[in-house]
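# Descriptive analysis of the structure
Each chain, written out:
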Amino acid sequence: MKFFGVELSPDNVAVAMVYFVQGVLGLSRLSVSFYLKDDLHLDPAETAVISGFSSLPWLVKPVYGFISDSLPLFGYRRRSYLVLSGLLGALSWSLMAGLVDSKYSAAFCILLGSLSVAFSGVVVDSMVVEQARGESQSVSGSLQSLCWGSSAFGGIVSSYFSGSLVDSYGVRFVFEVTALLPLITSTVAVLVNEQRVVRPAARQNKTWTSPLSLQSPKQHIIQLWGAIKQPNVFLPTLFIFLWQATPQSDSAMFYFTTNKLGFTPEFLGRVKLVTSIASLLGVGLYNGFLKTVPLRKKFLVTTIIGTGLGMTQVGPNMNSQPSFSNHIPSPDERLPICYYGVCRFSLSQVLTCRWG
């Protein structure tokens, strides 16, 4: 059986399910925003600081690769860390549901949840890179379509209910439901086809073990530095850094849409549903028509299109007096941007696979 042109082997099912969990965890996104604003009474600046703090685990993702490759946990480099990531995510949202009562504890729990998703993402991404190594650009593109299609599907599943559940049951209930979702990651770890790592036995009459585990991280760092110095790696890395290092207005926009425009949680959930559908359409577009087009050409075209679409967010919000026309078009305005964003991000992931 194939999905997005990829054979659904146990490994690929595990990868798809982890990405599905990443998408379905969007169930809590609105709840977190409303909790910070309405329960903790934080202003946009404080909310932005917590959001930035929660993104820290994503900035050190290479470290997770070093850890999983160099330090097998209970004899496994993939399975054990997926189980641990799922349990960590479940713990973080359980704490949000029952114990968090300040902005500091909220920031810590959100950080743990972000770490869980980032670490599990690195583990399955390494599996994707291993499969794509030596394969054509088309195969790499199909694998990325499987990943982001699964994430988009998870987003569709959770989007509408993310708002209606907040309206009906409150944010704490949504956190309780969200706490169950990372356990899917722990469960699918058994599908990963991985041989148990057997470390060399300790030397006779010695209490210390082989220095292999100490040398391996150092070797990985040397190899990474050697790869980064290559122009064909450094220049694309610089490009992706500059592309991602753009200001974000998510926190300010949330306060604007809820306080000024009066958007309800249910309406914002519907907006998220539209953008999730757009994400899935973007994956389909990429998988069906763009995965064989040269990367350089795709990056150039998507950069030009993205600039134009990004400017559409400026005009409608220049009007300081919210009106009916400001309120209704929001889902339609975000759809093409999200549609473009998924195609563009898929390109960077394919480029990463080709480096592997």
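Residues numbered from 1 in each chain as written. Predicted model: local features only at pLDDT ≥ 70, side-chain atom pairs only at ≥ 80, totals over all residues. Heavy atoms only, no water.

This part covers the overall build of the chain. Secondary structure summary: the chain contains 17 helices and 2 strands in total. Taken across its 356 residues, the chain has 44% of its residues classed as buried. Expressed as a percentage of contacts within the chain between residues at least 6 apart in sequence, the contacts between residues at least 24 apart total 87%. By element, 66% of the accessible surface of the chain is carried by carbon and sulfur atoms, the whole surface being about 18700 Å². (Helix = DSSP H or I, 4+ residues; strand = E, 2+ residues; numbered from the N terminus. Buried < 20%, exposed > 50% of the residue type's maximum accessible area, 1.4 Å probe, protein only. Contact = heavy atoms within 4.5 Å. Areas by Shrake-Rupley, 256 points an atom, 1.4 Å probe, with all protein chains shown as cover.)

Running from amino to carboxyl end, helix α2 (residues 29–39) crosses helix α9 (residues 171–180) at an angle of 145 degrees, the nearest separation of the two axes being 10 Å. Seen from above, α2 lies across α9 with left-handed handedness. In this structure, α2 contributes S31, V32, F34, Y35 and D39 to the contact, and α9 contributes V171, R172, V174 and F175. Looking at the contact of α2 with α9 residue by residue, the classes come out as 6 nonpolar, 1 polar and 2 charged. (Axes fitted to C-alpha atoms, helices over the stretch in contact; angles between N-to-C directions. Left-handed = near helix turned anticlockwise from the far one by under 90°. Nonpolar A, V, L, I, M, F, W, Y, C, P; charged D, E, K, R; others polar.)

It is worth spelling out the pattern of salt bridges at this point. Side chains that differ in charge, positive against negative, can pair when their charged atoms come close. Under the counting rule described, the total for this entry stands at 4 salt bridges. A salt bridge links K103 to E46, with the shortest nitrogen-to-oxygen separation between them at 3.0 Å. Remark: E46 occurs in helix α3 (residues 44–54) and K103 occurs in helix α7 (residues 103–132); sequence separation between them is 57 residues. The partly exposed category is assigned to K103, whose relative accessible area is 30%. (Salt bridge = Lys/Arg side-chain N within 4 Å of Asp/Glu carboxyl O.)

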